[in-house]
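Letter by letter, the chains look like this.
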Amino acid sequence: MNINELYDIVRDGNKSAEKQLFDKLRERFQLILQHKIMNETDIEDVLQNTLIVIARKYLNIDFELSFSAWAHKVLEFNTLNYYRTKGRHKDKLEELAEQKNDSAVFMPNPELKRRLLNCLKKINEANIRHARILNFSYQGYDMEQICKKLKLTRNGAYILLSRARAKLKTCLEMDK
């Protein structure tokens, strides 16, 4: 008995035929996946996802060609999705490895760090608000959070940050 005939029997209400249908689908799809995917765990994941999608939707769809053709399309879609996900995962791992290598090479300039700290101390002594806004900005706070912390309007915060950056730049240039 082929898959489409089993589907017709299941559609008529025979629950024991449903188990047979999914057993046949599992066998057939597992063979197909063994030729497309090398990792046994990944094969099982794709197979399970495919059977779950089929089980959820197959009774509510009127098939244009056949149930079998639709089920194979679901398998094909899940296989492509597996490769897409696997490719993105591989790309992310490579990107992280590159970032790790780049960060291992980066060596901060101790002289620049000393000059920067001296300038921040001078700015703090002259105007603590300038030092605070530079510090918040450096720590990655967005403008909305900075405005809340310093109790400023957005425009006022931008003006204060601009003045603080200008003072920092002047100080760093003079400290050379």
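Preceding this section is the structure that the text describes.
Residues numbered from 1 in each chain as written. Predicted model: local features only at pLDDT ≥ 70, side-chain atom pairs only at ≥ 80, totals over all residues. Heavy atoms only, no water.

**A look at the overall build of the chain**
Rules: Each helix is a run of DSSP H or I of at least 4 residues and each strand a run of E of at least 2, with the numbering of both proceeding from the N terminus. Throughout, radius of gyration means the C-alpha value; the globule benchmark is 2.2 Å times the number of residues raised to the power 0.38. For every residue, the accessible area obtained with a 1.4 Å probe (protein chains only) is divided by the maximum for its type, and the residue is called buried under 20%, exposed over 50%, and partly exposed between those limits. Method for areas: the Shrake-Rupley scheme with a 1.4 Å probe, in which residue coverage is limited to the protein chains shown.
The secondary structure content of the chain amounts to 8 helices and 0 strands. Overall, the chain shows an N-to-C arrangement of helices and strands of α-α-α-α-α-α-α-α. Over its C-alpha trace the chain gives a radius of gyration of 32 Å, far above what one expects of a compact globule, namely 16 Å for 176 residues. Projected onto its principal axes, the C-alpha positions of the chain cover 90 × 40 × 25 Å. By the burial criterion, 28% of the 176 residues in the chain qualify as buried. Accessible area for the chain stands at about 12,900 Å²; split by element, carbon and sulfur atoms hold 53% of it.

**Section: the packing of aromatic side chains**
The description of an aromatic ring pair rests on the distance of the ring centres and on the angle between the ring planes. Formally: Each Phe, Tyr or Trp ring, with Trp reduced to its six-membered ring, pairs with another whose centre is within 6.5 Å; inter-plane angles below 30 degrees give stacked pairs, above 60 give edge-to-face pairs, and intermediate values give tilted ones.
With the rule as written, the count across this model stands at 7 aromatic pairs. For the pair F22 and Y58, a centre-to-centre distance of 5.5 Å together with 80° between the ring planes defines the contact as edge-to-face. Pair noted here: F22 is in helix α2 (residues 15-36) and Y58 is in the loop between α3 (40-57) and α4 (67-105), with a separation of 36 residues, a long-range link. The exposure class of F22 is buried, given its relative accessible area of 16%.

**Some points on the packing of helix α7 (residues 143-150) against helix α8 (residues 154-174)**
When two helices pack together, their arrangement is given by the angle between their axes and by how far apart the axes lie. We apply this condition: Comment: axis = line fitted to C-alpha atoms, over the contacting stretch for helices; angle = value between 0 and 180 degrees taken between N-to-C directions. Reported orientations rely on four angle classes, namely roughly parallel under 35 degrees, roughly antiparallel over 145, roughly perpendicular from 65 to 115, and oblique for the rest. Residues are treated as being in contact if the distance between any of their heavy atoms lies within 4.5 Å. Three categories are distinguished: nonpolar for Ala, Val, Leu, Ile, Met, Phe, Trp, Tyr, Cys and Pro, charged for Asp, Glu, Lys and Arg, and polar for the others, with Gly belonging to the last.
For the pair α7 and α8, interaxial distance at closest approach is 9 Å and the crossing angle is 95°. Here α8 runs roughly perpendicular to α7, going by the angle between their axes. Packed against α7, whose contacting residues are M143, E144, C147 and L150, the element α8 presents R154, A157, Y158, L160 and L161 at the interface. The class makeup of the residues in the contact of α7 with α8 is 7 nonpolar, no polar and 2 charged.

**Topic: unusual backbone geometry**
We note that K151 has phi near 55°; this positive angle belongs to a residue other than glycine. Within the fold, K151 resides in the loop between α7 and α8. Classification of K151 by relative accessible area gives exposed; the value is 74%.

**As for the environment of I37**
Tracing the chain through its elements places I37 in the loop between α2 and α3. C-alpha separation for the pair I37 and E125, spaced 88 residues apart in sequence, amounts to 65 Å. Apart from residues lying up to four places away in sequence, I37 is in contact with D42, I43, V46, Y82 and Y83.

**Structural notes on the pattern of salt bridges**
Rules: By salt bridge we mean one thing: a side-chain nitrogen of Lys or Arg within 4 Å of a carboxyl oxygen of Asp or Glu.
Under the defined criterion, the tally for this structure stands at 6 salt bridges. Salt-bridge contacts for R11 lead to D62; the nearest nitrogen and oxygen are separated by 3.4 Å. Here R11, found in helix α1 (residues 3-11), pairs with D62, found in the loop between α3 and α4; they are 51 residues apart in sequence, far enough to count as distant. By relative accessible area, R11 is classed as partly exposed at 36%.

**A look at the environment of R115**
Mapped onto the fold, R115 is located in helix α5 (residues 110-126). Residues R115 and D91, 24 residues apart in the sequence, show an inter-C-alpha distance of 39 Å.

**A closer look at α8**
Our working rule: Given the number of residues in a helix, its expected span is that number minus one, multiplied by 1.5 Å.
Taking 1.5 Å as the rise per residue, α8 with 21 residues should run 30 Å; its terminal C-alpha atoms sit 30 Å apart, in good agreement. Looking at the buried positions of α8, the neighbouring elements they touch are α5, α6 (128-139) and α7.

**Some details on α2**
Stated precisely, the cut-off is as follows: Here the arc refers to the directions that run from the helix axis out to each C-beta atom.
The end-to-end C-alpha distance of α2 is 32 Å, a good match for the 32 Å that 22 residues give at a rise of 1.5 Å each. Listed in full, the buried residues belonging to α2 are A17, L21, F22, L25, F29 and L33. Along the axis of α2, the buried positions cluster into a sector of 130°, meaning they face one direction only. Facing away from the buried side of α2 by over 90 degrees, the exposed positions are S16, K19, E27 and L31.

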